[in-house]
Amino acid sequence: MPPASLRNVTLVVRDPQASRAFYRSVLDLPDAPDAGPNFVMLQAGSVTVILQPAAASSAAPQPGGVELGFEVPDVDAARDALLAAGGTVGDVQRMGWGEALDARDPDGHALTLYRRR
């Protein structure tokens, strides 16, 4: 049997439209086709990020149970965008391989934004 491919991640959020605005402003994620009236779908490379309220999710009853890693072109600019959009951010960590930033979105989901050298 061939290995499975991750194609979507569902985040349980309080307000799908507010979360859409956050991810579009911070990471410039475009809308994915086929979103429904009660949830939002954004495209992050080959993975679809689904934003839906807790009442519509059978997978996770509480917001905040996932960590997402995003490769970005500029970690410092991403940190500024996170702050402006209401995210919680740590310090930029500079390492031999590149730089990274730990953060949380407004619903408490853990994010790592990084850039490889």
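Residues numbered from 1 in each chain as written. Predicted model: local features only at pLDDT ≥ 70, side-chain atom pairs only at ≥ 80, totals over all residues. Heavy atoms only, no water.

**Considerations on the sheet that holds strand E2 (residues 40-44)**
Consideration 1: Overall, mixed pairing links the three strands, which are arranged E1-E3-E2 in an open sheet. Only two strands of the sheet have a single neighbouring strand rather than two, namely strand E1 (8-13) and E2. Along the sheet, successive strands turn relative to each other by an average axial angle of 25°, direction set aside. (Pairing = 2+ DSSP bridges. Helix = DSSP H or I, 4+ residues; strand = E, 2+ residues; numbered from the N terminus. Axes fitted to C-alpha atoms, helices over the stretch in contact; angles between N-to-C directions.)

**Things to note about the packing of helix H1 (residues 16-27) against helix H2 (residues 75-84)**
Two measures define how a pair of helices packs: the angle their axes make with one another and the distance between the axes.
Consideration 1: In the contact formed by H1 and H2, the axes pass within 8 Å of each other and the chain directions differ by 155°. By the angle between their directions, the pair H1 and H2 is classed as roughly antiparallel. Every pair of crossing elements has a handedness; the one defined by H1 and H2 is right-handed. Between H1 and H2, the residues in contact are Phe 22, Ser 25 and Val 26 and Ala 78, Ala 81 and Leu 82, respectively.
Consideration 2: Grouping the amino acids of the contact of H1 with H2 by side-chain chemistry returns five nonpolar, one polar and no charged. (Parallel < 35°, antiparallel > 145°, perpendicular 65-115°, else oblique. Left-handed = near helix turned anticlockwise from the far one by under 90°. Contact = heavy atoms within 4.5 Å. Nonpolar A, V, L, I, M, F, W, Y, C, P; charged D, E, K, R; others polar.)

**Some points on the nonpolar core**
Consideration 1: Core analysis: the biggest nonpolar cluster contains 26 residues, and Tyr 23, Phe 70, Leu 82 and Leu 111 have the highest contact counts within it.
Consideration 2: Broken down by secondary-structure element, the contributors of at least two residues to this core are E1, H1, E2, strand E3 (47-53), strand E4 (67-71), H2, strand E7 (98-104) and strand E8 (110-116).
Consideration 3: Sorting elements by how many residues they give to this core places H1 first, with four residues.
Consideration 4: Ignoring anything within four residues of it in the chain, the contact list for Tyr 23 reads Leu 11, Asp 28, Leu 29, Leu 42, Leu 51, Leu 68, Phe 70, Asp 105, His 109 and Leu 111. (Core = buried A, V, L, I, M, F, W, Y, C linked by side-chain atoms within 4.5 Å. Buried < 20%, exposed > 50% of the residue type's maximum accessible area, 1.4 Å probe, protein only.)

**A short note on the environment of Arg 117**
Consideration 1: Position of Arg 117 among the secondary structure elements: in the segment after E8.
Consideration 2: Between the alpha carbons of Arg 117 and Glu 99 there is a distance of 8.0 Å; along the sequence they are 18 residues apart.
Consideration 3: Arg 117 has contacts with Arg 94, Met 95, Gly 96, Trp 97 and Gly 98, leaving out every residue within four places of it along the chain.
Consideration 4: One polar contact links the side chain of Arg 117 to the main-chain carbonyl oxygen of Met 95, over a distance of 3.2 Å. (Polar contact = N/O pair within 3.5 Å; in protein donor to acceptor, adjacent residues only side chain to side chain.)

Geometric descriptors of this kind do not, in isolation, establish any biological role.
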